[in-house]
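Coordinate inspection notes
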Amino acid sequence: MQDVNLTELLSKMTLDEKIAQLTQLATPFFKGSKDQGEITGPMKEMGITQKVIENAGSVLGASGAQQTKSIQEEHLKNNRLGIPLLFMSDIVHGYETIFPIPLAMGCSWDLSLAEKSAEIAAKEAAVSGVHVTFAPMVDLVRDPRWGRVMETTGEDPYLNGEFSKAQVKGFQGSNLTKDFNRVAACVKHFAAYGAPEGGRDYNTVNMSEREMYEQYLPAYKAAIDAGVEMVMSAFNTVDGIPATGSKYLMRKILRKEMEFEGILISDWGAVKELIPHGVAEDEAEAAFKALEAGIDIEMMTTCYVDHLKEQIEMRNLTESLVDEAVLRILKLKKKLGLFENPYRGADERLENEVVMSAEHRAASRELATKSLVLLKNEKNVLPLNHHQKISLIGPFADNGDILGAWSWKGSREDAVTLKEGISQGMDHSLLTIAKGSNIQSISEEDAAEAVQAAKNSDVVILALGEDSEMSGEAGSRTNIKLPQAQLDLFAKIKETGKPIVVVLFNGRPLDLTDIHDQADAILEAWYPGTEGGAAITDVLFGKENPSGKLTMSFPYSAGQIPVYYNHFNTGRPKDAPDAQERYASQYLDSPNKPLYPFGFGLSYTNFLYKNIQQSAENMDPEEGISFTIEVTNNGKMAGEEVVQFYIQDVTGEVVRPLKELKDFRKIFLNPGETKEVLFNLREEQLRYYHSDLSLKSDKGKFNVFIGSSSEDVLSLSFQLL
Ligand code: NOJ
């Protein structure tokens, strides 16, 4: 580390300079930025003075080596103490080389590829002058109406925690001071942002404290344990207090219990939003409450710069709260090497070489291939072969909108569309392409052309979905079916009697009940990223065997939401041997279970599970216990399988979920090959939060389930002594 003495530096700063250091402004405010002067909308109204800009601590959304360097250069000319700026951006699933959206990545169950994708994103961002990424987003989700489910890895606390760690490692590496190819990570959104009522973005979150500890906090904690440098507060309330003003969340849980020592940043405008939330009368009170709760950086509002000074005087506070926050920011600047090298990794020449390199595109293709989930494959309509006449139909047949939300640096022109992917490997005379409909509308002409194309083919690939604006931030929907125009298109194509392979592009679990029975095959492609069309083609034609497994349940209908695998039993379970016909916990018009459960995904081959064994009848807490199972590939194609390991604590002080994922292995098997898979289980893995929030295990009976999805398992049991 460099020898800049931070305490000394802090002592030279005036209170105004310190408070400005806590302010984060978007790029257009800064001299040297490409779009300086283009300050529009609410930003214009912010009334930021030149003095604040000169002393601001960080910049939001700047990128590109040339731009970040020129902003930094201008800044250092004017900043009295020569304190460099921190550049922060949302590099969520890739910088310019776009990887599959995080929900898709989750379905790969491939932690090393997840780490690799974060490493590549960091490398491209770092040469472009970015220092911090606002990722990973690790909010646990159970409601597909919420558009931001696409940003996270799903509904399981353990799996989310594993992906959280993998991404932090990939972004940050092991030495941010020396390794300029990495960026600092910022885990978000603390806390429980993924549980808004009704799935409406920014809405109220209400849950028991116990449930929050058990389900929602572990993935943030995993990032913190992996050394994440920053945390972002959430927009929502938790138990009536907006997270951004919650001493309980920030001071007690985050700082004290989780021992987080890095920077805490508010989400965009969240400090000022304490006013409409109804816990602060005005900006001054909002500033005071946020600082008191522990928010170090205020993103994109000016409550701190406009009011903190007067608040400190008025409330007779010491400056120490401000000092602590400033010091954390200075520490990260020092750790990133910015005092010595304020441009850090920014390098125009390297930028050209590194960004969107062939190697990065190949990694994106690999992850995309592994993220695809085969939901249905009747009579082995897939894989296709190169002698078939194929009609590729639908609004996503030739559409670059396959990057998904949070891919602002990615270019749709660089994305391999499905048409491009498929045409590469095919005799063009066998392929017909027709749009059929737009995302939300259908015309007679387009439909007729598509029907004609279908009639002249042996098989139809129907590429359907949501455009990327329909999910992501503020992308909530109450109806999670495919848009009606596309359902109409589906119905018309169905009338031709040709086999239909549906390829779906979407950012959330959809209600697929309408098409599930009628399609011959369904491949969930999510938003697969820059190499999407190529990866899908590899799977459609059997060059690759699909191996993705869902990490979020697909409901039969929106009315079933929330539906998730790790739920409780009731006192009147529907499937109990003595269940009454009517007075059981059930819907009159729908199954309880989802259409496709957590952990589900088909392969072109068949994996047979047998011979589940345990090392002992009882588990001695000191020693643990282990389980083995044999998995055989008894199909014709080599492939990967995610072997999933669940437990159930049969009787607890608190009701326990029917199943909880505790471990998994991803194995590769050639046709005819058998592998024995071993799982070791330790007593710590059986602990849970009791009613007094103590984390401990209960003696007694546990069931163990091993299998290929949360529904398709073999089981046995043991006693914890
Ligand atoms: C708002 C989003 O909620 C957050 O995830 C993002 O990092 C910030 N905007 C900054 O763009």
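Residues numbered from 1 in each chain as written. Predicted model: local features only at pLDDT ≥ 70, side-chain atom pairs only at ≥ 80, totals over all residues. Heavy atoms only, no water.

- Going by what an unreviewed UniProt entry lists, the protein is known as beta-glucosidase and is assigned to Rossellomorea vietnamensis.
- Note on the protein: under the UniProt heading Catalytic activity (unreviewed entry), the record states "Hydrolysis of terminal, non-reducing beta-D-glucosyl residues with release of beta-D-glucose." (UniProt positions renumbered as here; feature names shortened; annotations may be inferred.)

Examining the site of the ligand
- Around the ligand sit Asp-90, Phe-134, Arg-148, Lys-188, His-189, Met-232, Phe-235, Asp-267, Trp-268, Met-299, Trp-406 and Glu-473, and that is every residue in its neighbourhood.
- Between an oxygen atom of the ligand and a side-chain N or O atom of His-189, the distance comes to 2.7 Å.
- Here the ligand, which alone exposes 290 Å², has 94% of that area covered by the protein. (Near = heavy atom within 4 Å. Polar contact = N/O pair within 3.5 Å; in protein donor to acceptor, adjacent residues only side chain to side chain. Areas by Shrake-Rupley, 256 points an atom, 1.4 Å probe, with all protein chains shown as cover.)

Side note on the pairing of strand E13 (residues 431-434)
- Where strand E12 (residues 390-393) meets E13, 4 bridges bridge the pair, whose relative direction is parallel. Bridge pairing in E13 links Ser-391 to Thr-432.
- Each parallel crossover has a hand, and for E12 linked through helix H18 (residues 418-424) to E13 it is right-handed. (Pairing = 2+ DSSP bridges. Helix = DSSP H or I, 4+ residues; strand = E, 2+ residues; numbered from the N terminus. Right-handed = clockwise from strand over helix to strand, strands pointing away.)

Let's talk about helix H11 (residues 247-257)
- Within H11 the residues assigned to the buried category are Leu-249, Met-250, Ile-253, Leu-254 and Arg-255. Projected down its long axis, H11 carries its buried residues within an arc of 165°, all on one side.
- Glu-259 sits one or two positions beyond H11 and adopts a positive phi of about 55°. (Buried < 20%, exposed > 50% of the residue type's maximum accessible area, 1.4 Å probe, protein only. Arc of directions from axis to C-beta.)

Description of the environment of Met-470
- Along the polypeptide, Met-470 turns up in the loop between strand E14 (459-465) and helix H20 (484-494).
- Put simply, Met-470 and Ser-697 are 227 residues apart on the chain and 43 Å apart in space, counted from C-alpha to C-alpha.
- In this structure, Met-470 is in contact with Ile-439, Gln-440, Gly-475, Arg-477, Pro-483 and Arg-508, ignoring residues within four places of it in sequence. (Contact = heavy atoms within 4.5 Å.)

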